[in-house]
Amino acid sequence: MGRLTTHILDTANGIPAANVAIRLYAAGVERVLRTSAVSNKDGRTDAPLLDGDEMQTGSYELEFDVGEYFASQGNATADPAFLDTVVIRFAVNADERYHVPLLVSPWSYSTYRGS
């Protein structure tokens, strides 16, 4: 059975990013909200975003509200913030495990496929 998880690392401050709003959309013909969560003190969600029968093969989008997070941390940002909502679009196979982390600063981000 497949599973989808994520976490957020604040590379500007060298810490996990807590209290970041996260939304997961199925990104087919229509964009459908599948779930939402808020990152915990470890920068992770308390439960997988998708697990077991919830996991379906297809395209998804993860949205992370990092602009509000960095403002709350007191980081110097542009006005308006250069990064407000980071969107990562990716595809999955329902039978595999995926971990899609976000490494982010107020000025840049990266991701990769973990397991």
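All values reported here derive from a predicted model rather than from experimental measurement.

What counts and what doesn't
- Residues numbered from 1 in each chain as written.
- Predicted model: local features only at pLDDT ≥ 70, side-chain atom pairs only at ≥ 80, totals over all residues.
- Heavy atoms only, no water.
- Helix = DSSP H or I, 4+ residues; strand = E, 2+ residues; numbered from the N terminus.
- Rg over C-alpha atoms; globule rule 2.2 N^0.38 Å.
- Buried < 20%, exposed > 50% of the residue type's maximum accessible area, 1.4 Å probe, protein only.
- Contact = heavy atoms within 4.5 Å.
- Areas by Shrake-Rupley, 256 points an atom, 1.4 Å probe, with all protein chains shown as cover.
- Salt bridge = Lys/Arg side-chain N within 4 Å of Asp/Glu carboxyl O.
- Pairing = 2+ DSSP bridges.
- Axes fitted to C-alpha atoms, helices over the stretch in contact; angles between N-to-C directions.

Some points on the overall build of the chain
The number of helices and strands found in the chain is one helix and 11 strands. Computed over the C-alpha atoms, the radius of gyration of the chain is 14 Å, within 12% of the 13 Å expected from 2.2 N^0.38 for a compact globule of 115 residues. Dimensions of the chain along its principal axes, counting C-alpha atoms only, are 40 × 30 × 20 Å. Here the chain holds 115 residues, and the buried ones make up 41% of them. Considering only contacts within the chain whose residues lie at least 6 apart along the sequence, 61% involve residues at least 24 apart. Roughly 6300 Å² of accessible area belongs to the chain as shown, and the carbon and sulfur atoms make up 47% of that amount.

Considerations on the pattern of salt bridges
Considering all chains together, one arrives at seven salt bridges under this definition. The salt bridge involving Glu 61 is made with Arg 31; its shortest N-O contact spans 2.7 Å. In this pair, Glu 61 is assigned in strand S7 (residues 58-65) and Arg 31 in strand S5 (residues 31-38), connecting sequence segments 30 residues apart. Looking at Glu 61, the relative accessible area reads 11%, which means it is buried. Taking the shortest distance from any N to any O, the salt bridge between Glu 63 and Arg 31 comes out at 2.3 Å. With Glu 63 in strand S7 and Arg 31 in strand S5, this pair connects stretches of sequence that are 32 residues apart.

With respect to the sheet that holds S5
Whether parallel or antiparallel, the strands of a sheet pair through hydrogen bonds between backbone atoms. The strand order across the open sheet formed by four strands is S5-S4-S7-S8, and the pairing between neighbours is antiparallel. For this open sheet the edge positions go to S5 and strand S8 (85-92), each flanked by a neighbour on one side alone. Taken pair by pair, the neighbouring strands of this sheet meet at an average axis angle of 20°, ignoring direction. Direction of pairing for strand S4 (residues 21-27) relative to S7: antiparallel, over a ladder of five bridges. Bridge pairing in S7 places Arg 23 opposite Glu 63. Along the sheet face, helix H1 (residues 66-73) touches S7 and S8 and points at about 25° away from the line of S7.

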